[in-house]
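Secondary and tertiary structure notes
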Amino acid sequence: KAGVTQTPRYLIKTRGQQVTLSCSPISGHRSVSWYQQTPGQGLQFLFEYFSETQRNKGNFPGRFSGRQFSNSRSEMNVSTLELGDSALYLCASSLPVTGVPYGYTFGSGTRLTVV
Amino acid sequence: AQSVTQLDSQVPVFEEAPVELRCNYSSSVSVYLFWYVQYPNQGLQLLLKYLSGSTLVKGINGFEAEFNKSQTSFHLRKPSVHISDTAEYFCAVDGSGNTGKLIFGQGTTLQVKP
């Protein structure tokens, strides 16, 4: 059973550019969450999608956005990149068992460096 | 608001010694707790989870954790560590009732020395 796949693994972008990261969940998982990991702030929740709808959102500026497709694959986009956006971006997928967390499986992440 | 505090940023220990990584949480709703491990340049791997039932939870790689509601703690333990256990460990609480929002502690680096 394939795990959560994130592409690309590494990215280098210039300030002001935009970037799109992709996440393919485990087959059958319909919930996809995104997290930002930095040395200073740790792991912070960005947003979560289920059935193409954003159900939950963290405290990030509007430059951070996402979407989910009908096959449950998800993308996140960061516009007008800032140096502080350099981070490891992780996605996690889960079965949407109502009311009780099934557990979240994480991908290996995309390492974004903004120069 | 829910929060997680990992009481030690680094824990050095010798190989084959026991270890405990401490985690306290704050939550006003039903508590679902997780421990994840992260090896260098990798994502997070689930070690174990507490959803309900027995307060002693067994996970992978010989790890276990005990949920203590009165002390709002969820400490991770292993009776005998290996060099390969060197990694960063994260305690997390589900803050959303299964809508993907895990709240993580700041992490504890376990350094296993030969």
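Below is a summary of the structure that appears in this document. Computed from a predicted model, the values in this text were never measured in an experiment. Starting afresh in each chain, residues are numbered from 1 along the sequence in its written order. Chain letters start at A and ligand numbers start at 1, both assigned in the order the entries are written. In keeping with the predicted nature of the model, local features appear solely for residues at pLDDT of at least 70, side-chain atom pairs appear and are counted solely at 80 or more, and the whole-chain, interface and lining totals rest on all residues. Side-chain metrics in this entry use all non-hydrogen atoms of the structure; hydrogen atoms and water are not considered.

Of regular secondary structure, chain B possesses zero helices and 12 strands. Only the C-alpha atoms count toward the radius of gyration. The rule for a globule is 2.2 Å times the residue count to the power 0.38. At 13 Å, chain B has a C-alpha radius of gyration in line with the 13 Å of a compact globule built from 114 residues. Seen through its C-alpha atoms, chain B measures out along the principal axes to roughly 40 × 30 × 20 Å. Whether two residues are in contact is decided by their heavy atoms: any pair within 4.5 Å suffices. For chain B, the proportion of contacts with a sequence separation of at least 24, taken over those separated by at least 6, is 54%. Entry remark: accessible area of chain B is about 5300 Å², with carbon and sulfur atoms responsible for 49%. Only DSSP runs of H or I covering at least 4 residues are called helices, and only runs of E covering at least 2 are called strands; the numbering of each starts at the N terminus. Surface exposure here means Shrake-Rupley accessible area, sampled with a 1.4 Å probe, where a residue is shielded only by the protein chains that are shown.

Disulfides are defined in this document as cysteine sulfur pairs within 2.5 Å. A complete count under the given rule lists two disulfides over all chains for this structure. Sulfur-sulfur distance for the disulfide between cysteine 23 of chain A and cysteine 91 of chain A comes to 1.9 Å. A torsion of 65° about the S-S bond marks the disulfide between cysteine 23 of chain A and cysteine 91 of chain A as right-handed. Here cysteine 23 of chain A is found in strand 3 (residues 19–24), whereas its partner cysteine 91 of chain A is found in strand 9 (residues 87–94), with 68 residues between them in sequence. Owing to a relative accessible area of 0%, cysteine 23 of chain A belongs among the buried residues under this scheme. Throughout, exposure labels follow a simple rule: accessible area from a 1.4 Å probe, protein chains only, divided by the maximum for the residue type, with under 20% read as buried, over 50% as exposed, and the rest as partly exposed. Since its relative accessible area comes to 0%, cysteine 91 of chain A is described here as buried. Bridging cysteine 23 of chain B to cysteine 91 of chain B, the disulfide has an S-S length of 2.0 Å. The sign of the S-S torsion, about -65°, decides the handedness of the disulfide formed by cysteine 23 of chain B and cysteine 91 of chain B: left-handed. On the criterion of sequence distance, the pair formed by cysteine 23 of chain B in strand 4 (residues 23–26) and cysteine 91 of chain B in strand 10 (residues 87–94) is long-range, its members being 68 residues apart. Considered together, cysteine 23 of chain B and cysteine 91 of chain B belong to a single accessibility category, that of buried residues.

A word on the sheet that holds strand 3 of chain A. Residues and elements named next belong to chain A. By the convention used here, strands pair only if DSSP detects at least 2 bridges between them. Read from one edge of the open sheet, four strands run 1-3-8-7, paired in antiparallel fashion. Every interior strand has two partners, whereas the edge strands, strand 1 (5–7) and strand 7 (64–68), have only one. If you compare each strand with its neighbour and ignore which way they point, the axes differ by 20° on average. Across five bridges, strand 7 lies against strand 8 (residues 74–78) in antiparallel orientation. Across the sheet, the residue bridging to glycine 66 is methionine 76, located in strand 8. Axis definition: a line fit to C-alpha positions, over the contact stretch in the case of helices; interaxial angles, taken between N-to-C directions, run 0 to 180 degrees.

The next point concerns the pairing of strand 5 (residues 42–50) of chain A. Residues and elements named next belong to chain A. In terms of burial, strand 5 is a largely internal element, seven of the nine residues being buried. The pairing of strand 4 (residues 31–38) with strand 5 spans eight bridges and is antiparallel. Of the residues in strand 5, the one forming a bridge with tyrosine 35 is phenylalanine 45. The turn linking strand 4 back onto strand 5 is made up of three residues. In this sheet, strand 6 (residues 53–57) lies alongside strand 5 in antiparallel orientation, the contact comprising four bridges.

On to the environment of valine 19 of chain B, then. Residues and elements named next belong to chain B. By the secondary structure assignment, valine 19 is in strand 3 (residues 19–21). The exposure class assigned to valine 19 is buried, which follows from its relative accessible area of 8%. Here the alpha-carbon distance between valine 19 and glycine 100, two residues 81 residues apart in the chain, equals 30 Å. Not counting chain neighbours up to four residues away, the residues in contact with valine 19 comprise Val11, Val13, Leu76, Arg77, Lys78, Val81 and Leu110.

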